[in-house]
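Descriptive analysis of the structure
Single-letter residue listing:
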Amino acid sequence: METTPSLACANKCVFCWRHHTNPVGKSWRWKMDDPLEIVNSAIDLHLKMIRQMKGVPGVKAERLSEGLSPRHCALSLVGEPIMYPEINSLIEELHRRRISTFLVTNAQFPEKIKQLKPVTQLYVSVDAATKDSLKAIDRPLFGDFWERFVDSLKALREKQQRTVYRLTLVKGWNTEDIDAYFNLFSIGKPDFVEIKGVTYCGSSATSKLTMENVPWHADVKAFSEALALKSKGEYEVACEHVHSCCVLLAKTEKFKVNNQWFTWIDYEKFHDLVASGRPFNSKDYMAATPSWAVYGAEEGGFDPGQSRYRKERHHRPKTTD
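Residues numbered from 1 in each chain as written. Predicted model: local features only at pLDDT ≥ 70, side-chain atom pairs only at ≥ 80, totals over all residues. Heavy atoms only, no water.

Another point: the overall build of the protein. Helix and strand counts for the protein come out as ten helices and twelve strands. For 321 residues, the compact-globule estimate of 2.2 N^0.38 gives 20 Å, and the protein sits close to it at 20 Å. Out of the 321 residues belonging to the protein, those deemed buried represent 48%. Total accessible area on the protein is roughly 17400 Å²; 51% of this is exposed by carbon and sulfur atoms. Taken together, the 45 basic and 40 acidic charged side chains of the protein have centroids lying 3 Å from each other. (Helix = DSSP H or I, 4+ residues; strand = E, 2+ residues; numbered from the N terminus. Rg over C-alpha atoms; globule rule 2.2 N^0.38 Å. Buried < 20%, exposed > 50% of the residue type's maximum accessible area, 1.4 Å probe, protein only. Areas by Shrake-Rupley, 256 points an atom, 1.4 Å probe, with all protein chains shown as cover. Lys, Arg positive; Asp, Glu negative; His and termini not counted. Charge placed at Lys NZ, Arg CZ, Asp CG, Glu CD.)

What follows is the structure in structure tokens.
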């Protein structure tokens, strides 16, 4: 399930898929819905969307049934989730229902990050590695955006649960600064670095990106390998998902045990740890990475237990006069 408690954001990123139809702001200044209402409504709307897939060619009955019981929630649909004043109550409600939480923040509210209760995985968007390129790509509202960005990375470092730097590569904008990106590693010391190619969402008056700005998976791999090499073994390229044009670096000392990667999540263990009320860290709920998800595997991140459905296309051939 994907949702957000805040449509507003403090950035106007050039690759925003909403084309800036959502509001922007430096602080919360809107009517506030109750966290329970948000969770209930999000689940209801999610189920409504999934039910629409019934009868669609390629949709399996067991998968449809599975989709009607959401077990995971990405708090990243649009906007800045941690702007919502009751974000901790919303997280607690999701965890109470044993729904995992993947929260993405745009690194402009360091104090909010400090106040955040444990989530399954906390991402900070690292859209650029220098002050000038961050200003050009994220187009932030705050004048002290760079200081807020660095302080957000520092706040991430103090978190005990899984933390991620999320890098969106935009060809021609932010793919050259390997050294500068590496210099950010020591500030937040994330568990993982997720590197993905930007998704082209069409041009608009607010974004002039084209398909030329979308890197190939080979480009993402080369960038990831160069970044891992720069870390001198602190991070290694652990996983890839070719279909998503995405590569994962993981902290070697923490997640490589006896030469085997443990980048996956034991969700039941996570929920038990949250319910216990005791302190815990990311190693307490890690799980072994299946062989098909490991970087360089022939499957490229595709689960061999699943089969890809290819839609039959019946386009009429083009004719020439």
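Further notes follow.
Attention shifts here to the sheet that holds strand β4 (residues 121–125). What links the strands of a sheet is backbone hydrogen bonding, and the strands pair in either a parallel or an antiparallel sense. What the eight strands build is an open sheet, ordered β1-β2-β3-β4-β5-β6-β8-β7; its pairing is mixed. Each edge of the open sheet is held by one strand with a lone partner, namely β1 (2–3) and β7 (235–241). Inspection of the sheet shows β7 paired to strand β8 (residues 246–251) by six bridges, in the antiparallel sense. When the sheet's bridge partners are listed, E236 is paired in β8 with A250. (Pairing = 2+ DSSP bridges.)

To find leftover empty space, a probe the size of one water molecule is rolled over the atoms. Quantified by volume, the second largest pocket comes out at close to 540 Å³. If you trace the second largest pocket, you find 23 residues lining it, with T3, T4, P5, L7 and I38 closest to the centre. Breaking the lining of the second largest pocket down by element, the ones donating at least two residues are β1 and α1 (35–51). When the residues that make up the lining of the second largest pocket are grouped by side-chain class, the tally is 14 nonpolar, five polar and four charged. (1 Å grid on protein atoms, 1.4 Å probe; cavity = no way out; pocket = protein on both sides within 12 Å on 5 of 7 lines; lining within 4 Å. Points joined across faces, edges and corners; volume = space filled by probe spheres on them. Nonpolar A, V, L, I, M, F, W, Y, C, P; charged D, E, K, R; others polar.)

It is worth spelling out the environment of S307 at this point. As for its position among the elements, S307 is in the segment after β12 (286–287). A sequence separation of 218 residues divides S307 from S89, and the C-alpha atoms of the two residues are 39 Å apart.

Here we come to the pairing of β7. Of all seven residues that make up β7, five are buried, and the element is covered over most of its length. Counting the residues in the hairpin turn of β7 and β8 gives four residues, including C245, whose phi is positive at 55 degrees.

Taken together, the side chains of D33, D34, E37 and E86 define an acidic patch exposed on the protein surface. Checked against the element boundaries, E86 lands in the loop between β2 (72–75) and α3 (87–96). (Patch = residues over 30% accessible without salt bridge, like charges linked within 9 Å, V, L, I, M, F, W, Y side chains within 5 Å. Salt bridge = Lys/Arg side-chain N within 4 Å of Asp/Glu carboxyl O.)

Remark: helix α6 (residues 145–157) packs on helix α7 (residues 178–188), axes separated minimally by 7 Å, with the N-to-C direction vectors making an angle of 50 degrees. In terms of their interaxial angle, α6 and α7 are classed as oblique. Of α7, the residues touching α6 (which contributes W146, F149, V150, L153, K154, L156 and R157) are L184, S186, I187 and G188. (Axes fitted to C-alpha atoms, helices over the stretch in contact; angles between N-to-C directions. Parallel < 35°, antiparallel > 145°, perpendicular 65-115°, else oblique. Contact = heavy atoms within 4.5 Å.)

Turning our eyes to something else, we now look at α7. Among the residues of α7, those classed as buried are I178, A180, Y181, L184, F185, I187 and G188. Take α7 and look down its axis: the buried residues cluster within an arc of 165 degrees, on one side only. The inward-facing, buried residues of α7 abut α6, β5 (162–169), β6 (192–197), α8 (217–230), β7 and β8. Just beyond α7, the residue with positive phi is K189, at close to 40 degrees. (Arc of directions from axis to C-beta.)

On to helix α10 (residues 267–276). Each full turn of the α-helix corresponds to 3.6 residues, which orients residues three or four apart in the same direction. Within the span of α10, buried status applies to F270, H271 and L273. The buried side chains of α10 occupy one side of the element, clustering within an arc of 160 degrees when seen end-on. On its buried face, α10 is in contact with α3 and β3 (100–105). A distance of 3.4 Å separates the backbone nitrogen of E268 from a side-chain oxygen at the start of α10, and that oxygen is part of D266. (Polar contact = N/O pair within 3.5 Å; in protein donor to acceptor, adjacent residues only side chain to side chain.)

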